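Read off the chains here:
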Amino acid sequence: MKDELLRRLGAGDLGHQLIDLGGDGSDPNDDYPDFAQRLGEAIQNGDADRGILICGSGVGASVAANKMRGIRSAVCHDTYSAHQGVEHDDMNVLTLGARVIGPEPAYECAAAFLRASFSGEPRHRRRLDKVLAIEAAQD
């Protein structure tokens, strides 16, 4: 799924430079927490604004990514959630389950995610600030 998604997203004009931080599925020792951390660190370091994680269901990779400060990840298998997560919650990592969603819906979700931007509306800003306060309280 990753190769197909990279190809299709690269061919589209979505306003993002694509970088590949993951494996190709051929190494049985590849584990989703390693790739979630690699992507999270790229966002934390400013090397990426957003990212897309792919694992079997998407759940484990999303859980791992959300352990990192400043990362807001969700599993989305529909376009509404993919763009709304960015617009309302400033989601910066989309997680997809390769065993759950096909290549076409995965592309549509990824495109919706990449085209979206945080609305900054007062109610969304207020809610995001509360989420960030929860994160800060964990120190």
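Criteria and cut-off values
- Residue indices begin from 1 for each chain and proceed along its sequence in written order.
- In view of the model being predicted, local features appear only for residues whose pLDDT reaches at least 70, and side-chain atom pairs are presented and counted only at 80 or more, with totals across whole chains, interfaces and linings using the full set of residues.
- With hydrogens and water excluded, all non-hydrogen atoms of the structure serve as input to the side-chain values.
- Type-normalised accessible area, obtained with a 1.4 Å probe on protein chains alone, sets the label of each residue: buried when under 20%, exposed when over 50%, and partly exposed for intermediate values.
- Only DSSP runs of H or I reaching four residues or more are called helices, and only runs of E reaching two or more are called strands; each is numbered from the N terminus.
- The contact rule is simple, with two residues in contact once any of their heavy atoms fall within 4.5 Å.
- Under the rule applied, a polar contact is a pair of N or O atoms within 3.5 Å (in protein, one hydrogen donor and one hydrogen acceptor; residues adjacent in sequence only if both atoms are side-chain atoms).
- As a rule, the C-alpha atoms of each element are fitted with a line to give its axis, helices using only the stretch in contact, and angles between N-to-C directions run from 0 to 180 degrees.
- What sets the label is the angle itself: under 35 degrees gives roughly parallel, over 145 gives roughly antiparallel, 65 to 115 gives roughly perpendicular, and the rest give oblique.
- Note: crossing handedness is left-handed where the near helix turns anticlockwise from the far helix by less than a right angle, and right-handed where it turns clockwise.
- When the centres of two rings from Phe, Tyr and Trp lie within 6.5 Å, Trp using its six-membered ring, the rings pair. Their planes under 30 degrees apart give stacked, over 60 give edge-to-face, and anything left gives tilted.
- A ring is considered to have a charge above it if a Lys NZ or an Arg CZ atom is located within 6 Å of its centre and within 35 degrees of its normal.
- Each pair of strands is called paired provided DSSP finds at least two bridges between the two strands.

**Quick notes on helix α4 (residues 79-89)**
The complete set of buried residues in α4 reads Ala 82, Gln 84, Gly 85 and Val 86. Contacts from the buried residues of α4 go to β3 (93-97) and α5 (103-115). One side-chain oxygen of the residue at the start of α4 lies 3.2 Å from the amide nitrogen of Tyr 80, identifying that residue as Asp 78. Taken from the residues just after α4, Asp 90 is the one with a positive phi, measuring 55 degrees.

**Things to note about the packing of α4 against α5**
For the pair α4 and α5, the least separation of the axes is 8 Å and the interaxial angle reads 20 degrees. Here α4 lies roughly parallel to α5, going by the angle between them. Once α4 is placed against α5, the crossing between them reads as right-handed. Here Thr 79, Ala 82, His 83 and Val 86 of α4 lie close against α5, whose contacting residues are Glu 108, Cys 109, Ala 112 and Phe 113.

**Points about the packing of aromatic side chains**
Across all of its chains, the model carries zero aromatic pairs by this definition. The ring of Tyr 107 carries the charged tip of Arg 8 above its face, separated from the ring centre by 3.9 Å. A cation sits over an aromatic face here: Arg 50 above Phe 113, 5.4 Å from the ring centre.

**Considering the environment of Ile 101**
Tracing the chain through its elements places Ile 101 in the loop between β3 and α5. According to the relative accessible area criterion, Ile 101 is buried, its value standing at 7%. Taking the C-alpha atoms as reference points, Ile 101 and Met 1, separated by 100 residues in sequence, lie 9.5 Å from one another. Once you skip the residues sitting within four places of it in the chain, Ile 101 turns out to touch Met 1, His 77, Ala 106 and Cys 109.

**Digging into the environment of Arg 99**
Within the element layout of this structure, Arg 99 appears in the loop between β3 and α5. Take Arg 99: its relative accessible area is 77%, and that puts it in the exposed class. Put simply, Arg 99 and Arg 126 are 27 residues apart on the chain and 36 Å apart in space, counted from C-alpha to C-alpha. Residues contacting Arg 99, with those up to four places away along its chain left out, are Cys 55 and Gly 56.

**Considering the sheet that holds strand β2 (residues 73-75)**
Judged by pairing direction, the sheet is parallel, and its three strands sit side by side in the order β1-β3-β2 without closing on themselves. Every interior strand has two partners, whereas the edge strands, β1 (51-55) and β2, have only one. When strand polarity is set aside, the average angle formed by the axes of neighbouring strands in this sheet is 25 degrees. For β1 and β3, the ladder comprises five bridges, and the chain directions are parallel. Along β3, the bridge assignment pairs Ile 52 with Leu 94. Those strands touched by helix α2 (residues 32-44) are β1 and β3, and its axis lies near 180 degrees from that of β1. Relative to the sheet, α5 contacts β1 and β3, its axis offset from that of β3 by approximately 175 degrees.

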